[in-house]
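Below, each chain spelled out in residue letters.
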Amino acid sequence: MFLTISTTGSAERPATDLGFLLHKHPEKAQAFSTSYGTAHVLYPEADAERCTAALLLEVDAVALVRRGKGKGRGGAPDAALAQYVNDRPYAASSLLAVALSAVFSSAMRGVCTARPQLPAQPRPLRIEVPALPARGGPGLVRSLFEPLGWTVTAEPVPLDGEFPQWGDSRYIQLVLDADTLTLAEALRHLYVLLPVLDDAKHYWVSPDEVDKLLRAGEGWLPGHPEQRLITSRYLSRRWSLTRQAMERLELVRLAETDDTAVEDIDNAVEAEAEQEEKPTPLAVQRREAILAALRASGAARVLDLGCGQGQLVQQLLKDPAFTEIVGVDVSMRALTIASRRLKLDRMGERQSARVNLRQGSLAYTDKRLGGYDAAVLSEVIEHLDLPRLPALEYAVFGAARPRTVLVTTPNVEYNVRWESLPAGRVRHGDHRFEWTREEFRAWAEKVAEEYGYGVGFVPVGPDDPEVGPPTQMAVFQADTPKEAKAA
Ligand code: SAH
């Protein structure tokens, strides 16, 4: 795995200043141990006209697996062999980004004690990465680097030079040139964008990744046309983190241009909605399945429990068959976004009489939830700690007791089919558990039995012959009073 940084110079501004900037002497080859292996820094050429520093990372595949172990919550144990046999040791990737920041941390911060004036001066730079995994291909590489002032040459690497019919691999050979950037800026671009292109982070994304991203992105990420994609990929598609970062970026941008504040917030809400749906049209399929089941049940008055940002409520409002819709969520923030999405403040009286958003926890019985035709719990149960689940079961099936209850939750068996989900990881950072089809069925049947409901199961999304669908839905129908075992 390797990358070179080159610069040119003259007698007055020698190229070998690169050694001062990187804090690594051009005449010595040096090795540094990092958590994933050994990083070597050496200079294939170093004179006043041209100087090139190479960073070579020797990845320790075994250490990589050990570090990754046991960091996810719940889910299946890691598949053994794929962990050791992969492209990590060969391709430049997020590991290289980690090595960059470890080996060149002062340079990245623009600190040079020996020549304090150097870091602020832009100089001609060329970065070369011979094999870079790039999801999104050369087009995406250009749209990430060009807005930052780089001239980009990105050639796809063929799978096998002798067999051109095999086509291109997912690797590209990357050359970046610029003469308007400082070395610190260049390093910070690479630190963020290499993992973005790799799009398969090797370690657990912790909340402080948001800080790292914002620090490295200072001065260039706010306002980058691909800001949203960069943020969400960098944070490995963890929506709660992405949202946090987007919000903070948004604040940076608002501080810079404050006159369009209100419009910007509206746009941010829209952007957020788009961002949620783009990689998972599954969310759309899920709402369609829920709508179909609600229509089939003949429900008119509906509870959306754990309504989140109100996407389902918005769908329900479009169908006059639903005469009353109540969205409940524990998160005030989600409800604020929901009310903006629904434009509650600008809604006519007839419409606004049909909808009501309120804050509440499903772990507590709430008398106001009694007497409805149907309740939806879409992707909610997995957000509760298992010991809290019986309280929700009682509040919904025992106390509120709508005739129909729809519950959707991820099918953990399907996780192996998500390309971007490392083995053994849950789909969302806040999921307390994810169930197999068998586990979900057992839970649903137990609840149905306990509270006097019948239950059936509906797959949502492509129903894989081996692992089932990505989302599973249970449809509960209350027994008629005669048959009821518990009321
Ligand atoms: N139903 C939406 C949102 C799912 S995300 C959808 O399908 O897209 C899960 C939601 O459940 C979040 O908005 C979270 O705030 C909410 N939630 C989690 N625990 C809750 C609780 N105890 N009571 C009410 N809402 C809860």
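Residues numbered from 1 in each chain as written. Predicted model: local features only at pLDDT ≥ 70, side-chain atom pairs only at ≥ 80, totals over all residues. Heavy atoms only, no water.

J.: Help me get a handle on the overall build of the chain, residues and values and all.
T.: Scanning the chain from terminus to terminus reveals 17 helices and 14 strands. The proportion of buried residues among the 487 residues of the chain is 49%. Within the chain, contacts between residues at least 6 apart in sequence are counted, and of these 72% link residues at least 24 apart. Element-wise, carbon and sulfur atoms account for 53% of the exposed surface of the chain, whose accessible area totals about 22700 Å². (Helix = DSSP H or I, 4+ residues; strand = E, 2+ residues; numbered from the N terminus. Buried < 20%, exposed > 50% of the residue type's maximum accessible area, 1.4 Å probe, protein only. Contact = heavy atoms within 4.5 Å. Areas by Shrake-Rupley, 256 points an atom, 1.4 Å probe, with all protein chains shown as cover.)

J.: Outline the site of the ligand, listing residues and values.
T.: Surrounding the ligand, one finds 14 residues, the nearest of these being G306, D329, V330, L362 and S378. G306 is positioned with one of its backbone polar atoms (N or O) 2.7 Å from a nitrogen atom of the ligand. At 3.3 Å, a backbone N or O of V330 approaches a nitrogen atom of the ligand. If the ligand stood free it would expose 570 Å²; the protein chains cover 78% of that surface. For the shell around the ligand, the residue count by class is five nonpolar, seven polar and two charged. (Near = heavy atom within 4 Å. Polar contact = N/O pair within 3.5 Å; in protein donor to acceptor, adjacent residues only side chain to side chain. Nonpolar A, V, L, I, M, F, W, Y, C, P; charged D, E, K, R; others polar.)

J.: Describe the pairing of strand β1 (residues 2-8), listing the residues and the values that go with them.
T.: Most of β1 is tucked away: five of the seven residues are buried. Two strands pair when backbone bridges link them, and β1 and strand β5 (residues 125-133) are joined in this way by four bridges, in the antiparallel orientation. Looking at the pairing, S6 lines up with R126 of β5. (Pairing = 2+ DSSP bridges.)

J.: Now, about helix α12 (residues 282-297): what can you tell me, with residues and values included?
T.: Along its 16 residues, α12 runs 23 Å from first to last C-alpha, staying within 8% of the 22 Å computed at 1.5 Å per residue. Residues of α12 that are buried: L282, A283, R286, R287, A289, I290, L291, A293, L294 and S297. (Expected span 1.5 Å × (residues − 1).)

J.: Account for the side chain of H189, naming residues and giving values.
T.: In this fold, H189 is placed in helix α7 (residues 183-198). Dropping the residues within four chain positions of it, H189 is found in contact with L148, W150, L181 and W220.

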